[in-house]
Every structure is written in C-alpha cells, then in structure tokens.
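Overview (structure and organization)
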Amino acid sequence: MSFFEIIDPAFGKFVLGNAPVKQIATGFDWVEGPVWFGDLNCLLFSDIPNNRIMRWIPGVGTSVFREPSNFSNGHTRDRQGRLVSCEHGGRRVTRTEFDGSITVIADSYEGKRLNSPNDVIVASDGAIWFTDPHYGIATDYEGHRSEQELHCNVYRVDPSGTMQAVLTDFNCPNGLAFSPDEKKLYVADTGRMHSGDPQHIRVFSVGENWRLSGGEVFHVISPGCADGMRLDTDGNLWSSAADGVHCIAPDGHVMGKILVPETVSNLCFGGRGKHRLFITATTSVYAISLNRSGTL
Ligand code: MG
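Numbers given for residues are sequential positions, taken from 1 along each chain in its written order. The predicted origin of the model limits local features to residues at a pLDDT of at least 70 and limits the giving and counting of side-chain atom pairs to 80 or more, whereas totals for whole chains, interfaces and linings rest on all residues. Calculated side-chain values reflect all of the structure's heavy atoms, with hydrogen atoms and water omitted.

1. Concerning the coordination of the magnesium ion
Which entries qualify depends on this criterion: Only N, O and S atoms count as donors, using a 2.8 Å limit from the metal and a wider 3.2 Å limit for Na, K and Ca, and since water is excluded some coordination spheres may look unfilled. Any residue under 20% of the maximum accessible area for its type is buried, any over 50% is exposed, and the rest in between are partly exposed; the area is computed with a 1.4 Å probe on protein chains only.
Around the magnesium ion, the donor atoms from the protein are Asn118 (OD1), Asn174 (OD1) and Asp227 (OD), and they sit 2.1 to 2.2 Å away. For Asn118, a relative accessible area of 3% gives the class buried. Of the residues examined, Asn174 reaches a relative accessible area of 2% and is grouped as buried.

2. Overview of the packing of aromatic side chains
In plain terms, the rule: Think of it this way: a Phe, Tyr or Trp ring, Trp meaning its six-membered ring, pairs with another when their centres are within 6.5 Å, and the plane angle makes it stacked under 30 degrees, edge-to-face over 60, tilted otherwise. Numbering of helices and strands runs from the N terminus; a helix is a DSSP stretch of H or I covering at least four residues, while a strand is a stretch of E covering at least two. Charge over a ring is defined by NZ of Lys or CZ of Arg lying within 6 Å of the ring centre and within 35 degrees of the ring normal.
By the definition in use, this model includes 14 aromatic pairs. Between the aromatic rings of Phe14 and Trp238, the centroid separation amounts to 6.4 Å while the plane-to-plane angle is 35°, which identifies the pairing as tilted. In this pair, Phe14 is assigned in the loop between β1 (4–6) and β2 (22–26) and Trp238 in strand β22 (residues 237–241), connecting sequence segments 224 residues apart. An aromatic cluster is defined as three or more aromatic residues linked by ring pairs; in this entry it consists of Phe11, Phe14, Trp238 and Phe269. A cation over an aromatic ring shows up here: Arg202 above the ring of Phe170, its NZ or CZ 4.5 Å from the ring centre. Over the ring of Phe14 we find Arg292, and its NZ or CZ is 4.0 Å from the ring centre.

3. Quick notes on the side chain of Asn174
We apply this condition: Polar contacts here mean pairs of N or O atoms no more than 3.5 Å apart (in protein, one a potential hydrogen donor and the other a potential acceptor; neighbouring residues in sequence count only if both atoms are side-chain atoms). For this analysis, residues touch if any pair of their heavy atoms sits within 4.5 Å.
Examined against the element boundaries, Asn174 turns out to sit in strand β17 (residues 173–178). At a separation of 3.1 Å, a polar atom in the side chain of Asn174 contacts the side chain of Thr190. Apart from the residues lying within four places of it in its own chain, the contact partners of Asn174 are Asn118, Asp119, Thr131, Tyr135, Ala188, Thr190, Ala226 and Asp227.

4. What to know about the state of the cysteines
Under the convention used in this document: Here, a disulfide means two cysteine sulfur atoms that sit within 2.5 Å of each other.
According to the stated counting rule, one finds 0 disulfides in the structure shown. We note that Cys172 lacks a disulfide partner, and the nearest cysteine sulfur, in Cys152, lies 4.5 Å from it. With no disulfide partner, Cys268 has as its closest neighbouring cysteine sulfur the one in Cys42, 11 Å distant.

5. Re the sheet that holds strand β18 (residues 184–189)
For clarity, the threshold we go by: For two strands to pair, DSSP has to find at least two bridges joining them. All axes here are fitted lines through C-alpha atoms, helices being fitted over the stretch that makes contact, and every angle between N-to-C directions spans 0 to 180 degrees.
One open sheet accounts for 4 strands, arranged β17-β18-β19-β20; its pairing is antiparallel. Where the open sheet ends on each side, the last strands, each with one partner, are β17 and β20 (212–219). Going from strand to strand, the sheet's axes swing by 25° on average, the running direction of each strand aside. Examined bridge by bridge, β17 and β18 share 4 bridges and lie antiparallel to one another. Opposite Leu176, over in β18, you have Val187 as the bridge partner.

6. Some remarks on the pattern of salt bridges
For clarity, the threshold we go by: Between Lys or Arg on one side and Asp or Glu on the other, a salt bridge is scored when a side-chain nitrogen of the former is within 4 Å of a carboxyl oxygen of the latter.
All told, the structure shown has 11 salt bridges when counted by the stated rule. For the salt bridge of Asp47 with Arg52, the shortest nitrogen-to-oxygen distance reads 2.9 Å. Owing to a relative accessible area of 18%, Arg52 belongs among the buried residues under this scheme. We note a salt bridge from Asp243 to Lys257, for which the minimum N-O separation is 3.1 Å. Taken together, the residues span a long stretch of sequence, with Asp243 in the loop between β22 and β23 (244–248) and Lys257 in strand β24 (residues 254–259) at a distance of 14 residues. We classify Lys257 as buried; its relative accessible area is 11%. Salt bridges here are not isolated pairs; linked through shared partners, they connect Asp78, Arg82, Arg95 and Glu97.

Below, the structure is given as structure tokens:
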C-alpha cells in the first residue's frame, strides 16, 4: 500500500519510499495538540473527551501525563521550552513552569471569559498567539457547555502580558502557524460545524510591530478541514485533512498528501532533525519520517 500521494512531482523529494505511516498509539476518543519534546524524547498530546494529556516515549509506549487536563486541546512550547496549553475546560491558556506549577496566561478579554482556546503558537519575540473558537463550550463532550461571552477571535499576548484581539472577523479560528521567516501568518477558519460557513486557510502579512494585513483565502482543504497545521523549513504548509495530511506550497497548490486511515486533527514535526511528522487522528497517533525538516 502507498502511504502518500504525489500530486506535484516536487513532492517526490519530500517523502521516503520505504517509510511507513505507523500507528504509534491508539485507543483514544479524539486526539489533538501534539507537541514534541526533543530534550525529553517524548510526544505530548491531548485526548480531549477523556480529559487528559498523554505522553508517548519511543520504545516505551504511552502513559498519562496529566489527568484531569481541563480538557486541554492545542499545545506548544515557548522560547524557554515550557509547555503552553489551551484548555477548553478552564477557558484559558496556561504555561506549565519548570517546577510543575501552572501559570494562567489568558482567561478573559475586556472583562469577558474566553470561549475555549483551541490552538497556540509562540513567536520569536516570546508573544503567545492563540485561537478562541466556541467548540469547547458548545457541548459537554470536549469541555463544559456554557454561555459564549466573546466573538471567536485570534489573540496575541505580548511578552509584557498585554493581550489584544488581533483578528476579529473569523467564524471559528482554529489552527495557526507562522511562515519560517514570520512574515506570514496562516490561520484556519473551520466555520460552524454543520453549516455552510467557511472552511479555509487564510494568510496574513505580518508587518511592523506584528501588525497584520491582508487575510485573503490561501487554500481550501478538501476533503475535510484545516484544523491543525505546521510549516516546514522551506515554507510549505502541512495541514490536517479528512484523508490525511496535505502539503501545500507557498503559492497555495497542493503538492501531495500523506494518507492516514483516520480523520486527522493536528500534526507537529519532531524527532531527530525535526524530520518526523507526528499526526493526531481521531482515536490514534501516527508518525512518518520525511525527507523534510519542520519548524516548531
Ligand atoms: Mg484545533
């Protein structure tokens, strides 16, 4: 069986003919938010409906890292290497300090509670950018069903702790990622499920003082939607889709696909050389080695 589909011949250089898409962990309900810790040789990811963060160690296996996790979703690491997490249940973004204590980075805006932070990235200046759709408060399945107080925005918390809504015209902002030079910001809009609202990735130019402009549609994922995404070192965007992971060139065309047998939610690069793609997909986590290196 083939583990990938080459659409643009250039994608042939990105994949390895004999490297499998390997299921490395399974038995979950909806996994999300993978983040690689090279220093600890492990992958953390959220099993959202089961309210826990799991840890996978190569050659060892999977165990519970944190339970309950406040229905955590997306994770990343800050510039010091600390874990930064989106919590549906806590309706907040937190940082796990080196001593294990939890610091709240954001839980409200202009006096109103956040919805349910979904995905998060950290820029080179240390600012934390995150999306805040309503998914984690819409039902009791992935959080606590409750009233929505704020529009679904994208926020930036600068290194001094000042928080600003930087994108306010989304239906449901979800995955987000910078280009390697941080001159572009990609943000997925996964719309309101079961409606005709947008399901696409938009691209913004990042200017002086991180000011955003533009915002045109960069790409429409099909089948499925762009929940999570990451970029490789050449600026190609790797996005979740219903049939796997799609690799999209900077001009917006699909170069190829990694085919995954379950619906993909999110992904990250890890392993030695950041050449291994870790993929969270419904009940399982998959990994494939590539002839590419990813950015964080
Ligand atoms: Mg997401």
